[in-house]
Structure formats: structure tokens, C-alpha cells
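Each chain, written out:
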Amino acid sequence: MAATAASAPTPARVLVTGAAGGFGAPTSMRLRERGAQVVGLDVAGGDDVLACDITDTAAVEAAVAEAVQRLGGLDAVVHYAGIGTPNDAGGPLEPDALRVIDVNLLGAWRVTAAALPALTASRAERGGARGRAVFVSSELAYLTLPFVSAYSVAKRGMAAYADALRLEYGTELQVSTVYPGYVRTPIHAAGAEVGLALEGQVRREEVEDVVGTVLRVLASRRPPRDTACTRAGNLELWAGRHLPGVVGPAVARRIHSQAAAGRFDGSPLAAGLVARLTGRRAPERSTR
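The rules behind these values
Residues numbered from 1 in each chain as written. Predicted model: local features only at pLDDT ≥ 70, side-chain atom pairs only at ≥ 80, totals over all residues. Heavy atoms only, no water. Helix = DSSP H or I, 4+ residues; strand = E, 2+ residues; numbered from the N terminus. Buried < 20%, exposed > 50% of the residue type's maximum accessible area, 1.4 Å probe, protein only. Contact = heavy atoms within 4.5 Å. Areas by Shrake-Rupley, 256 points an atom, 1.4 Å probe, with all protein chains shown as cover. Axes fitted to C-alpha atoms, helices over the stretch in contact; angles between N-to-C directions. Parallel < 35°, antiparallel > 145°, perpendicular 65-115°, else oblique. Left-handed = near helix turned anticlockwise from the far one by under 90°. Nonpolar A, V, L, I, M, F, W, Y, C, P; charged D, E, K, R; others polar. Core = buried A, V, L, I, M, F, W, Y, C linked by side-chain atoms within 4.5 Å. Patch = residues over 30% accessible without salt bridge, like charges linked within 9 Å, V, L, I, M, F, W, Y side chains within 5 Å. Salt bridge = Lys/Arg side-chain N within 4 Å of Asp/Glu carboxyl O. pLDDT = per-residue confidence, 0-100. Pairing = 2+ DSSP bridges. Polar contact = N/O pair within 3.5 Å; in protein donor to acceptor, adjacent residues only side chain to side chain.

Asker: Give a description of the overall build of the protein that names residues and reports values.
Answerer: The number of helices and strands found in the protein is nine helices and seven strands. Taken across its 288 residues, the protein has 48% of its residues classed as buried. Within the protein, contacts between residues at least 6 apart in sequence are counted, and of these 67% link residues at least 24 apart. Accessible area for the protein stands at about 13,500 Å²; split by element, carbon and sulfur atoms hold 57% of it.

What follows is the structure, given as C-alpha cells:
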């Protein structure tokens, strides 16, 4: 891709986590179309995708080492890998909440730590240009909703980790955090199965909004520190960060209204919230 005044060549050697998923696969394809070499990590391996459980430190270190060897170095890493199992904020940490945090937050940390030596070592090959790290967080990092506390903690923690990485390694690495809205991808299947789909709860975006944003960040001479994927998303990001005392109560009122209207009826995980907000017992979902 030809560089412009606002853009730089797309990094030539890229590692993508969650590479077989709804965002990772099209991002990898588009990067290759631009002439980049891409190796992915995912729980299911495939062509140019290494099978890797990112909750396993030894597996991450081995997979990242193999990816760097295949690529002949490393210029950028993009973090998509994640799961979205719902949970009760007052419920047990194990197994669901801990698993979400381990995959979404600590997985990104493990991969970054394993990739960092290669990202910094190849700076001379890039003419002094710093390596790139792109963390794909979520609007749920700053917009709190019920039953996604572990996911929100992980994604807010991811943003904090990106900030720390930028502070400590900013001389060697350019770090960006991207905040997508709701996109119809398989990550939402777990919530839908227990009657807690996010469809209609948060602002809708498309796969291209996210993929296009990540590609622009990778190709930018001065990549943004934080960015959403649409104009509306950036307005929401600003409001969530600067007006939490307004946004939080507004969300709480909406959730109360939805509970009263039966939005969460039929989901056992939501029964306690419905009772606390409305004073009534939510009817059980029919199994027939």
C-alpha cells in the first residue's frame, strides 16, 4: 500500500490473536492483500494459524517463538482473542468469570510479553520505526451493563495494561487501544444461550468498522492512543470516560425499566437482579 502524508506502510510481519474468529480472519486476509506476512494464534489451528491456548504460558511462548521464526521477525501484534461468557458480579469467580479474565486480559498480556523481545529487536530493520501493539478492547470497558462484569473487567484491564506498556516501553513500541461496539460475531453465542443477548442493548457496528479501524491504526504514522470504530463510538467513548456520573445512572434507569418489562425473564442468571429491581420473581423459561 502506498504511503501518504497521514499513513505509513502497513507493518510487514504481523501476529494476530483470535486469528480464526470474526475479526481476526478478515484482518489477516486484508493484511496479506496489502503485502504483509501474517501468522495467527487461535485455539483451532489452520493455514498460517498456530493452535494455541493463550491461558497456557508455555504454549504461548512456544507459539510466539514459532510465529517469529516463520515471519523472520515481528513488526506488530494485534489482540483479538476473547470469549464472552456471562456472569453474576456477585457470584463465584470460578469457573466462568475467571476464564473470561484469563483469556481476554491475561492472554493478551502473555502474548505481548512473549512477543516483546521480537517487536523491539527488529526496530533496526524498520529504519528505527517502533513496533506496533494494537489491543482490541470493547465499549463495555467504559459502559457497564449487567452480567458482563468479567468481560468488562478484562477489557478495562486491557486498556490499563496498554497504558502501562506505553509508559514503560513507549520508546520502542507504539501502543493503541480500539473500542468496538456490538458486532454480530460468535462471541455473543454464550449470552444468547442463557437469554442474555446483547443485541439491542448496545450500539451496533459492523465487522468492517472494526477491521477497517485496526488496519488504519496499523498504517498510521501517528497511531491514536485510544479510538472507537465509528464517529458515534468516539462520542460514546468520550462520554463514558468524562461523564460517568451521567452515563451510569442513565444505564441503570434503562436496566430497571427493562427488568420491569420482562426483558430478563427466563434467564436464571438474571433472577436475582429482577427480584432486587422489581420485587418480583422472574418466571422460569420453558424447556419445552
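Asker: Break down the packing of helix α1 (residues 24–33) against helix α6 (residues 207–219) for me, citing the residues and quoting the values.
Answerer: The N-to-C vectors of α1 and α6 enclose an angle of 45°; their axes lie 10 Å apart at closest approach. Relative to α6, the element α1 lies oblique. Note on packing geometry: the crossing formed by α1 with α6 is right-handed. Along its contact with α1, which presents P26, T27, R30 and L31, the element α6 presents V207, E208, V211, V214, L215 and L218. Partitioning the contact of α1 with α6 into residue classes produces seven nonpolar, one polar and two charged.

Asker: Account for the nonpolar core, with residues named and values stated.
Answerer: Counting 55 residues, the largest nonpolar core has L15, L41, V111 and F135 as the members making the most contacts within it. Mapped onto this core, the elements with two or more residues apiece are β2 (37–42), α2 (57–71), α3 (96–121), β5 (131–136), α4 (149–169), β6 (173–179), α8 (244–260) and α9 (271–278). Ranked by residues supplied to this core, first place goes to α3 with eleven residues. Residues contacting L41, with those up to four places away along its chain left out, are L15, V16, T17, G18, A19, V49, L50, C52, A63, V64 and V111. Grouped together as the second largest cluster of nonpolar side chains are 22 residues, V14, L31, A36 and V38 included.

Asker: Could you give an account of a nonpolar patch on the surface, naming the residues involved and the relevant values?
Answerer: On the surface, a nonpolar cluster with roughly 300 Å² of combined accessible area is contributed by W238, L243 and V246. Note that W238 resides in helix α7 (residues 231–242). Among the residues examined, W238 registers a relative accessible area of 49% and is labelled partly exposed.

Asker: Lay out the confidence of the model for the protein in plain terms, naming residues and giving numbers.
Answerer: Here the protein shows a mean pLDDT of 89. Residues at 70 or above account for 89%. This model gives residues 1–5 a pLDDT under 50, and the stretch forms ten contacts once residues within four places in sequence are excluded.

Asker: Help me get a handle on the pairing of strand β4 (residues 76–79), residues and values and all.
Answerer: Side-chain alternation along β4 places A76 and V78 on one buried face and V77 and H79 on a second face that is also buried. Across four bridges, strand β1 (residues 13–17) lies against β4 in parallel orientation. Its bridge partner being in β4, T17 is matched across the sheet by H79. Summarising the sheet, β4 and β5 pair through four bridges and their orientation is parallel.

Asker: So what about the environment of S138? Which residues, and what values?
Answerer: By the secondary structure assignment, S138 is in the loop between β5 and α4. On the basis of relative accessibility, which here comes to 7%, the residue S138 falls in the buried class. Separated by 14 residues in the primary sequence, S138 and S152 have C-alpha atoms spaced 7.9 Å apart. For S138, the residues in contact, after removing those within four places along its chain, are Y151, K155, V178, Y179 and P180. In terms of polar contacts, S138 uses its side chain to reach the backbone amide nitrogen of L140, at 3.0 Å.

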